[in-house]
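Per-entry structural report
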Amino acid sequence: MIRSDPKILPASAENIALAGQSIRQGGLVAFPTETVYGLGADATNEQSVAQIFAAKERPRFTPLIIHFAATAAAAQAVDFNALADELAETFWPGALTLVLPRRRDCAVSFLAGAGLDTLAVRVPNHPVAQALINEAACPIAAPSANRSGTVSPTTAAHVAENLPAVTVVLDGGACPLGIESTVIDLTDESPVLLRPGGVTREEIEAVTGPLANPEFAGQASKSPGTRDRHYAPGLPLRLNAESARSGEALLGFGPGAPKDAANLSPTGDIVEAAANLFALIRALDRPEFRAIAVMPVPETGLGAAINDRLRRAAAQYGDRREP
Ligand code: TXA
Ligand code: MG
């Protein structure tokens, strides 16, 4: 049985404490929730969050769910409205994820939210997940603990088979629900069901009234995947720039970039570049510049996801300029 695999640790109090310490120090830990196993990292650490995308081999940056031990902790990261209060009161801890606006002082990494102005938050209802978040003493960003494009794992053995690069899997047995959380977007006037999951539409509608489906909601741009509503810089992006032209801010990459330029990674480390991507674009997106010139980033590893995001930001601007 794969239980003998050294990477799989029984979820004893001692191992949960060690795993919490590992997360605080920047490591990744796969852990059980009531829905599926998550691949967790300190949500406030850009570098650790970048490691999640690297481990999952995700071809692009999709926003992650941020896990909190209690509603009060989640309310420090996002702005709750009356409906969110009611849903949290009714379904948390539980298999419901709420998409809400990031607070200005939100400590969660921009990469974890894929650069969006909103954040998906939930309080899981599983003793191991709860204990881990409390031991780590930070919010935990966690997508399902599977390689991109494969099914979500519901046992520790599934995680170890599917994500061999992950060093620690806390084994808390099979996930009781075995299906991902329901994702509800509460950032528009009416709530939108982005992903069906563990809490049923009927249960939620008993609280919210009728839920819109993303395809029928006015903004077709906000459902997960290709239609994510992304943070769009106010400035146009010029890709594959060798240097800044007059009036442009320069976003560099690697040791060849000018010393005074903002640099995704001065050493050319692609994981570090991913960690810095959204925060640096935001920092350069200022009215005194007319554009952001971005130096080439290699397509290797997370470079593919970085370039995907840069290309879409550049195209997005082009679209907005069209009549
Ligand atoms: O049950 C679950 O939700 C599991 C456990 C580990 O909590 N997690 C999970 O995460 O399924 P993931 O990354 O596989 O799916 C997250 C979903 C995606 O559909 C993503 O598009 C959506 O949540 N999402 C996250 N942040 C969002 C945001 N700001 N706006 C819209 N959708 C968001
Ligand atoms: Mg998933």
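Since the model is a prediction, treat every value here as computed from it, not as a measurement.

1. Digging into the overall build of the protein chain
Secondary structure summary: the protein chain contains nine helices and 14 strands in total. Computed over C-alpha atoms, the radius of gyration of the protein chain comes to 20 Å, within 12% of the 20 Å expected from 2.2 N^0.38 for 323 residues, which places it in the range of a compact globule. Dimensions of the protein chain, computed from the C-alpha atoms along their principal axes, are close to 60 × 50 × 30 Å. Of the contacts made within the protein chain by residues no fewer than 6 positions apart, 67% connect residues no fewer than 24 positions apart.

2. Observations concerning the state of the cysteines
Summed over the entire model, instances satisfying the criterion amount to zero disulfides. Left without a disulfide partner, C106 is nearest to the cysteine sulfur of C138, which lies 13 Å away.

3. Comments concerning helix α8 (residues 270–284)
For α8, spanning 15 residues, the distance from its first C-alpha to its last is 20 Å, which sits close to the expected 21 Å at 1.5 Å a residue. At L277, α8 shows its maximal bend, which comes to roughly 45°. When we look at burial in α8, the residues that qualify are I270, V271, A273, A274, A275, L277, F278, L280, I281 and L284. Backbone nitrogen of V271 and a side-chain oxygen of the N-cap are separated by 2.9 Å at the start of α8; the cap is D269.

4. Some thoughts on unusual backbone geometry
With an omega of -5°, the peptide bond running from W92 to P93 counts as cis. Phi at A137 takes a positive value of approximately 60°, unusual for a residue other than glycine.

5. Structural notes on the nonpolar core
The biggest cluster of nonpolar side chains holds 77 residues, and the ones touching the most others in it are F61 and L98. Among the elements that line this core, the one with the most residues is α8, at 10 residues. Within the second largest apolar cluster, 15 residues are counted, among which are V29, A136, I140 and V168.

6. Here's the deal with the packing of helix α4 (residues 82–91) against helix α7 (residues 201–208)
At their nearest, the axes of α4 and α7 sit 10 Å apart, and the two run at 135° to each other. In terms of their interaxial angle, α4 and α7 are classed as oblique. You can see that α4 and α7 cross each other, and the crossing is right-handed. Residues L83, E86, L87, T90 and F91 of α4 touch α7, and the partners they reach there are E203, I204, V207 and T208. In terms of residue class, the contact of α4 with α7 is made up of five nonpolar, two polar and two charged.

7. Considerations on the pairing of strand β12 (residues 248–252)
Most of β12 sits inside the fold, with five of its five residues counted as buried. In terms of strand pairing, β12 meets strand β14 (residues 291–294) through four bridges, oriented parallel. In the strand pairing of β14, L251 is matched with V294.

8. So, the side chain of H126
Structurally, the position occupied by H126 is in the loop between β6 (118–122) and α5 (127–136). Among residues more than four places away in sequence, those in contact with H126 are P32, T33, E34, G172 and P176.

9. Brief notes about the confidence of the model for the protein chain
Summarising the model, the protein chain shows a mean pLDDT of 90, and 90% of its residues fall at 70 or more. Scored below 50 in pLDDT, residues 218–229 shows 27 contacts in the model against residues more than four places distant or in partner chains. Counting interchain partners and residues more than four positions distant, the pLDDT-below-50 stretch residues 319–323 has two contacts.

10. Describing the sheet that holds β12
Spatial strand order, β11-β14-β12-β13: four strands in an open sheet with parallel pairing. Two strands bound the open sheet, and with one partner strand each, they are β11 (237–238) and β13 (262–263). Strands β12, β13 and β14 of the sheet are contacted by α8, whose axis makes an angle of about 165° with β12.

11. Points about the pattern of salt bridges
Close approach of charged atoms lets side chains of opposite charge pair. If you walk through the whole model with that rule in mind, you get nine salt bridges. For E34, the salt bridge identified is with R122, shortest N-O distance 3.0 Å. Residue E34 is located in the loop between β2 (29–31) and β3 (38–42), and its partner R122 is located in strand β6; the two are separated by 88 residues in the primary sequence. Taken individually, E34 and R122 each receive the classification buried, so the pair is uniform in this respect. Between E248 and R238 there is a salt bridge, with its nearest N and O atoms 2.8 Å apart. Of this pair, E248 sits in strand β12 while R238 sits in strand β11; the two residues are 10 residues apart in sequence, bridging distant segments of the chain.

About the cut-offs
Residues numbered from 1 in each chain as written. Chains lettered and ligands numbered in written order. Predicted model: local features only at pLDDT ≥ 70, side-chain atom pairs only at ≥ 80, totals over all residues. Heavy atoms only, no water. Helix = DSSP H or I, 4+ residues; strand = E, 2+ residues; numbered from the N terminus. Rg over C-alpha atoms; globule rule 2.2 N^0.38 Å. Contact = heavy atoms within 4.5 Å. Disulfide = S-S within 2.5 Å. Expected span 1.5 Å × (residues − 1). Bend = angle between axes of the 7 residues up to and from the residue. Buried < 20%, exposed > 50% of the residue type's maximum accessible area, 1.4 Å probe, protein only. Polar contact = N/O pair within 3.5 Å; in protein donor to acceptor, adjacent residues only side chain to side chain. Core = buried A, V, L, I, M, F, W, Y, C linked by side-chain atoms within 4.5 Å. Axes fitted to C-alpha atoms, helices over the stretch in contact; angles between N-to-C directions. Parallel < 35°, antiparallel > 145°, perpendicular 65-115°, else oblique. Left-handed = near helix turned anticlockwise from the far one by under 90°. Nonpolar A, V, L, I, M, F, W, Y, C, P; charged D, E, K, R; others polar. Pairing = 2+ DSSP bridges. pLDDT = per-residue confidence, 0-100. Salt bridge = Lys/Arg side-chain N within 4 Å of Asp/Glu carboxyl O.

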